[in-house]
Amino acid sequence: QKENTLQLILGFFNLGDFSGKEISITSTGYKIDGGTEVPYTGAYTFTGSANHCSITVSGGNTAITLANVRINGGKNFDWGDYCIKVASGSLNLTLAGDNTIQTEPHISGSSMPIWVTENATLTIRGNGTLNATNHSDGKACIGAAWNYRCGTINIAGGIINATGGGNGGCVIGYSGDRGGGTVNV
């Protein structure tokens, strides 16, 4: 635990240490699995691979770099699960290297790669690649789930290879009849 805390204070996460966990980032710091918040306001860098890891960003203006990341499925296996969620505020996501975020292929309705809620903004930039695959029905690959309103998504750089889920799922944006959301490319 001490080694992980040191890496996080420096803003560097090796996701191999966080399989099965949720990392919650706010404007004042971060928590692991709902534990005590560690104060931190700098930029974050994620690298490595994790199974069933969720990253939630709430409030403020957060900067995260994905550097050769692979996330297979969110922490939980239920409706509304995610790998990365922008719950509120804004996330500036920089792509470096080859990054893969995907839902579990054998669990229907398990999760979505990147969830951008109604009052949130996601901006993707950088020179890297994001391979995002959603195996869940009725959910966007990057955006919102069936009948949830989506926030604002700005694609300002990087290469994005996105594959959406079936039965009303979409690649970027939202699915269903709730409307809302803006996608700028």
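Because the structure is a prediction, the values reported are computed rather than measured.

A. Representation of the pattern of salt bridges. Under the definition given, this model contains 2 salt bridges. K21 is the partner of D33 in a salt bridge, and the nearest nitrogen-oxygen pair spans 3.9 Å. One end of the pair, D33, is in the loop between β3 (29–32) and β4 (38–39); the other, K21, is in the loop between β1 (12–14) and β2 (22–26), and 12 residues separate them in sequence. Take K21: its relative accessible area is 30%, and that puts it in the partly exposed class. A salt bridge links E118 to R149, with the nearest nitrogen and oxygen atoms 3.9 Å apart. In this pair, E118 sits in the loop between β11 (112–116) and β12 (120–126) while R149 sits in the loop between β14 (142–143) and β15 (152–155), placing the two residues 31 residues apart along the sequence.

B. Just the side chain of T117, in detail. Among the secondary structure elements, T117 is positioned in the loop between β11 and β12. The exposure class assigned to T117 is buried, which follows from its relative accessible area of 13%. Of note is the side chain of T117, whose polar atom sits 2.6 Å from the backbone oxygen of A87. Among residues more than four places away in sequence, those in contact with T117 are K85, V86, A87, S88, R149, C150 and G151.

C. Representation of the pairing of β2 within the structure. Burial along β2 is one-sided: I23 and I25 are buried, and none of E22, S24 and T26, which face the opposite way, are. Sheet topology note: the β2/strand β6 (residues 54–58) ladder contains 5 bridges and is parallel. Pairing of S24 across the sheet is with T56, part of β6. Hairpin geometry of β2 and β3 is characterised by an intervening segment of 2 residues between the two adjacent antiparallel strands.

D. Just the environment of T26, in detail. As for its position among the elements, T26 is in strand β2. A residue is classified by how much of its surface remains accessible, and T26, at 25% relative accessible area, is partly exposed. With 31 residues separating them in the primary sequence, T26 and V57 have C-alpha atoms 6.0 Å apart. Aside from chain neighbours lying at most four places away, what touches T26 is E37 and S58.

E. A look at the environment of F13. Residue position: F13 is located in strand β1. Of the residues examined, F13 reaches a relative accessible area of 0% and is grouped as buried. As a C-alpha pair, F13 and G48 span 35 residues in sequence and 8.2 Å in three-dimensional space.

F. Inspection of the pairing of β15 at higher detail. Bridging between β12 and β15 involves 4 bridges; their strand directions are parallel. In the strand pairing of β15, T123 is matched with N154. Bridge count for β15 against strand β18 (residues 182–184) is 3 bridges, and the pairing is parallel. Within β18, the position partnered with N154 by the bridge is N184.

G. Local environment of unusual backbone geometry. With phi around 50°, D33 is a residue other than glycine that occupies positive phi space. Residue D33 is classed as partly exposed on the basis of its relative accessible area of 36%. For N68, which is not glycine, the phi torsion reads 60° and is therefore positive. The topology assignment puts N68 in strand β7 (residues 61–72). Taking relative accessible area as the criterion, N68 reaches 48% and is therefore assigned partly exposed.

Conventions we followed
- Positions within a chain are numbered from 1, following the residues in the order the chain's sequence is written.
- With the structure being a predicted model, the display of local features is reserved for residues of pLDDT at least 70 and the display and counting of side-chain atom pairs for 80 or more, all residues being used for whole-chain, interface and lining totals.
- Working from all heavy atoms in the structure, the side-chain values ignore hydrogens and water.
- Just to be clear on terms, a salt bridge is a Lys or Arg side-chain nitrogen sitting within 4 Å of an Asp or Glu carboxyl oxygen.
- Secondary structure elements are defined from DSSP: runs of H or I of at least 4 residues count as helices, runs of E of at least 2 residues count as strands, and each element is numbered from the N terminus.
- Burial classes: relative accessible area under 20% of the type maximum marks a residue as buried, over 50% as exposed, and values in between as partly exposed (1.4 Å probe, protein chains only).
- Each polar contact in these results corresponds to two N or O atoms within 3.5 Å; when the atoms are within protein, one needs to be able to donate a hydrogen and the other to accept it, and residues that are neighboring in sequence are counted only if both atoms are side-chain atoms.
- Contacts: residue pairs with any heavy atoms within 4.5 Å of one another.
- A pair of strands is labelled paired if DSSP reports no fewer than 2 bridges between them.

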